[in-house]
Each structure stands twice: as structure tokens, then as C-alpha cells.
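Residues per chain are reported as follows:
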Amino acid sequence: MTIGLLARIEAKPEYADDVETLLRDALQLAREEDHTVTWFAFRLDATSFGVFDTFADEQGRTRHLQGRIAAALTEAAGTMLASPPDIRSVDVLAAKLP
């Protein structure tokens, strides 16, 4: 686990609960991805959300970006999001996991 993605998601206020549900439901999709090592969805405030996930290699990260979670976010962007998700590639410098 040396690389990851950090996504910031801004919901339209009237769709914030729907975005929360979308992210909660996406956990099952993340569990089905062998190439996704860790996956976290979080809420920053009433309308701001995020996802942080990690991968063993670039191929895994690329496969995730082409997967079902990314497709769901892209589909939601047209109606539920205030702007397209801000998705950034990151390098994991250190981690503590159970």
C-alpha cells in the first residue's frame, strides 16, 4: 500500500443525505475490489464528503478509477453534486493499520 486517491465531494444541500447513502452503499463495492487495499468514506460538514483509498500499485489505482464506485460518482455528479468530484492521486508516506 504505497499509493492512494483522495477525493473531495461537494453535495448540493438538498442531496446531502443521498450522497451519504451513496457513499455508505459504496463500501460493499469497495469490498468486492481485490485491488483496493483500504477504503474510507467520510463527511466533513453538512455538504462536504470525501473518500480516501489505497492500492498496492498503479494498476490497482487505475482499475479502481475505472470501476463501479467511480461510475456511481460520475452519474451522481449531474444531479446530486455541486461540482465534479476533486480526485487527486497521493503517495502514502506512512500508515498505521490494525
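Residues numbered from 1 in each chain as written. Predicted model: local features only at pLDDT ≥ 70, side-chain atom pairs only at ≥ 80, totals over all residues. Heavy atoms only, no water.

Asker: Just to check I follow, could you spell out the sheet that holds strand β1 (residues 3–10) for this structure?
Answerer: Sheets are built from strands paired through backbone hydrogen bonds, the pairs being either parallel or antiparallel. With respect to topology, four strands assemble into an open sheet ordered β2-β3-β1-β4, the strand pairing being antiparallel. With partners counted over all chains shown, the strands left at the sheet margins are β2 (36–43) and β4 (86–91), one partner each. Taken over all neighbouring pairs, the strand axes of this sheet differ in orientation by 15° on average, direction set aside. Sheet topology note: the β1/β4 ladder contains six bridges and is antiparallel. Within β4, the residue paired with Ala 7 across the bridge is Ile 87. Across the face of the sheet, helix α1 (residues 16–31) comes into contact with β1, β2 and β3 (48–55) while running at roughly 165° to β2. (Pairing = 2+ DSSP bridges. Helix = DSSP H or I, 4+ residues; strand = E, 2+ residues; numbered from the N terminus. Axes fitted to C-alpha atoms, helices over the stretch in contact; angles between N-to-C directions. Contact = heavy atoms within 4.5 Å.)

Asker: Explain the pairing of β3 to me, please; I cannot follow it from the model alone.
Answerer: Burial of β3 is extensive: seven of the eight residues sit out of reach of the surface. As paired elements, β1 and β3 share eight bridges and run antiparallel to each other. The residue bridging Gly 4 from the neighbouring strand is Thr 54, located in β3. Sheet topology places β2 next to β3; seven bridges connect them, and they run antiparallel. Each bridged residue has a counterpart across the sheet, and for Trp 39 the counterpart in β3 is Asp 53. Between the end of β2 and the start of β3, which pair antiparallel, lie four residues. (Buried < 20%, exposed > 50% of the residue type's maximum accessible area, 1.4 Å probe, protein only.)

Asker: Quick question: what am I supposed to make of a nonpolar patch on the surface here?
Answerer: A contiguous nonpolar patch, built from Met 1, Leu 6, Val 37, Phe 40, Phe 42, Leu 44 and Leu 97 and spanning about 580 Å² of accessible area, is present on the exposed surface. Residue contributions to the nonpolar patch peak at three residues, all from β2. One can find Val 37 in strand β2. (Patch = residues over 30% accessible without salt bridge, like charges linked within 9 Å, V, L, I, M, F, W, Y side chains within 5 Å. Areas by Shrake-Rupley, 256 points an atom, 1.4 Å probe, with all protein chains shown as cover. Salt bridge = Lys/Arg side-chain N within 4 Å of Asp/Glu carboxyl O.)

Asker: Mind showing me how you'd approach the pattern of salt bridges here?
Answerer: Between side chains of opposite charge, a pair can form as their charged atoms come close. Under the counting rule described, the total for this entry stands at five salt bridges. Arg 43 serves as the salt-bridge partner of Glu 20, at 2.4 Å between the closest nitrogen and oxygen. One end of the pair, Glu 20, is in helix α1; the other, Arg 43, is in strand β2, with 23 residues separating them in the sequence. You can call Glu 20 partly exposed: its relative accessible area is 22%. Under the relative-accessibility criterion, Arg 43 is labelled partly exposed at 36%. Several salt bridges share partner residues, and in doing so they unite Glu 20, Arg 24 and Arg 43 into one network.

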